[in-house]
Amino acid sequence: MTQDELKQAVARAAADYVAANVPAGTVIGVGTGSTANFFIDALAPLKDRFRGAVASSEATRKRLAGHGIPVLDLNDIEEIPVYVDGADEIDAGLNMIKGGGGALTREKIVAAVATTFVCICDASKKVEVMGRFPLPVEVIPMARAHVARELVKLGGRPQERSGFVTDNGNLILDVHDLKITDPKGLEARINQIVGVVTNGLFAVRPADLLLLGAADGVQTIR
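Residues numbered from 1 in each chain as written. Predicted model: local features only at pLDDT ≥ 70, side-chain atom pairs only at ≥ 80, totals over all residues. Heavy atoms only, no water.

## Details of the sheet that holds strand β7 (residues 135–139)
Strand pairing in a sheet relies on backbone hydrogen bonds. The paired strands run either parallel or antiparallel. If you walk across this open sheet you meet the four strands as β8-β9-β7-β10, and the pairing is antiparallel. The strands lining the two open edges of the sheet, one partner per strand, are β8 (157–160) and β10 (196–199). Along the sheet, successive strands turn relative to each other by an average axial angle of 30 degrees, direction set aside. Pairing geometry for β8 and strand β9 (residues 171–176), over four bridges, is antiparallel. The residue bridging Glu160 from the neighbouring strand is Leu173, located in β9. Sheet contacts for helix α4 (residues 104–113): β7, β9 and β10; angle to β10, the most-contacted strand, approximately 70 degrees. Packing against the sheet, helix α5 (residues 144–153) makes contact with β7, β8, β9 and β10, and its axis sits at approximately 15 degrees to β9. (Pairing = 2+ DSSP bridges. Helix = DSSP H or I, 4+ residues; strand = E, 2+ residues; numbered from the N terminus. Axes fitted to C-alpha atoms, helices over the stretch in contact; angles between N-to-C directions. Contact = heavy atoms within 4.5 Å.)

## Regarding the packing of aromatic side chains
All chains considered together, the criterion is met by two aromatic pairs. Ring centres of Tyr83 and Phe117 lie 5.0 Å apart, and the angle between their planes is 50 degrees; on these two criteria the pair is classed as tilted. In this pair, Tyr83 is assigned in strand β3 (residues 80–85) and Phe117 in strand β6 (residues 114–122), connecting sequence segments 34 residues apart. A relative accessible area of 0% means that Phe117 is categorised as buried. (Phe/Tyr/Trp six-rings, centres within 6.5 Å; stacked < 30°, edge-to-face > 60°. Buried < 20%, exposed > 50% of the residue type's maximum accessible area, 1.4 Å probe, protein only.)

## Quick look at the packing of helix α1 (residues 3–21) against helix α2 (residues 34–43)
The N-to-C vectors of α1 and α2 enclose an angle of 50 degrees; their axes lie 8 Å apart at closest approach. As summarised for this structure, α1 and α2 are arranged oblique, according to the angle between their axes. The crossing of α1 and α2 is right-handed. Facing α1, whose interface residues are Asp4, Lys7, Gln8, Val10, Ala11, Arg12, Ala14, Ala15 and Val18, α2 presents Ser34, Thr35, Phe38, Phe39, Ala42 and Leu43. Class assignment of the residues belonging to the contact of α1 with α2 gives a composition of nine nonpolar, three polar and three charged. (Parallel < 35°, antiparallel > 145°, perpendicular 65-115°, else oblique. Left-handed = near helix turned anticlockwise from the far one by under 90°. Nonpolar A, V, L, I, M, F, W, Y, C, P; charged D, E, K, R; others polar.)

## Re the nonpolar core
Residues Val18, Ile28, Phe39, Val82, Val84, Val118 and Ile120 are the most contacted members of the largest nonpolar core, which totals 25 residues. Elements that contribute at least two residues to this core include exactly α1, β1 (27–30), α2, β2 (52–55), β3, β6 and β12 (209–214). Broken down by element, the residue count for this core peaks at seven residues, all from α1. Those residues in contact with Val18 that lie beyond four places of it in its chain are Ile28, Phe39, Leu43, Phe50, Val82 and Val84. Ranked by size, the runner-up nonpolar core spans 20 residues in total, among them Leu74, Ile90, Phe117 and Phe202. (Core = buried A, V, L, I, M, F, W, Y, C linked by side-chain atoms within 4.5 Å.)

## A closer look at unusual backbone geometry
Not every positive phi belongs to a glycine, and Leu94 is a case in point at roughly 65 degrees. Topologically, Leu94 is positioned in the loop between β4 (89–90) and β5 (96–97). If you check the backbone angles, Asp177 has positive phi at about 70 degrees while not being a glycine. On the secondary structure map, Asp177 appears in the loop between β9 and α6 (183–191). Classification of Asp177 by relative accessible area gives exposed; the value is 52%.

## Remarks on a nonpolar patch on the surface
Taken together, the side chains of Ile140, Met142 and Val197 define a hydrophobic patch exposed on the protein surface, amounting to about 310 Å² of accessible area. Given a relative accessible area of 80%, Met142 falls into the exposed group. (Patch = residues over 30% accessible without salt bridge, like charges linked within 9 Å, V, L, I, M, F, W, Y side chains within 5 Å. Areas by Shrake-Rupley, 256 points an atom, 1.4 Å probe, with all protein chains shown as cover. Salt bridge = Lys/Arg side-chain N within 4 Å of Asp/Glu carboxyl O.)

## Some thoughts on the pairing of β2
Every second residue of β2 is oriented toward a common face, with Gly52 and Val54 on one face and Ala53 and Ala55 on the other, all of them buried. Looking at chain direction, β1 and β2 are connected through four bridges and run parallel. Paired with Gly29 across the two strands is Val54, which belongs to β2. Between the parallel elements β1 and β2, the chain passes through α2 in a crossover that is right-handed. (Right-handed = clockwise from strand over helix to strand, strands pointing away.)

Below, the structure written as structure tokens:
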């Protein structure tokens, strides 16, 4: 199977999971990226079962709206039973690196509200130790140089994502050369740097369930 076929398979499995486990009339959270886009497409036939969705980015909002799925403001929602999103890397503890698409802050906010976080990805994203994929850090523009210096002290090699501005109007520093053996500790430490909005480690709030697309089918990992 091609990588896109694996993504489509896990997206369909996620739509089946939502149909079987999420009560009708509720609101679901939807992530950002190519795998999340396949999930949105798979969710479209079920749209009448749900009140709507909360989007983690403007791109996701547009794709949901294009399928006629109502997009709701998170401030108007008290609870989200499930949030479905992809990952750039995920380890055995279901800690993740996210933010390759630059939507890490909004993704982290929606994930914080969700009761269950379902990660969907293909087998290439499963790693023993995270860090091969550069860690995205969203930064207030005036703090870019300061944050970069602090990230170097942590052993990273930050590079500004060229020509990119987040939906929140901020910059992304992609941090290379990290070997992340303490995801939760590193997430907290980076977030304490003045000028950082948040970083792409999802370890304080990891996934609850992983649907992993592999050559022999979709694996369910808790």
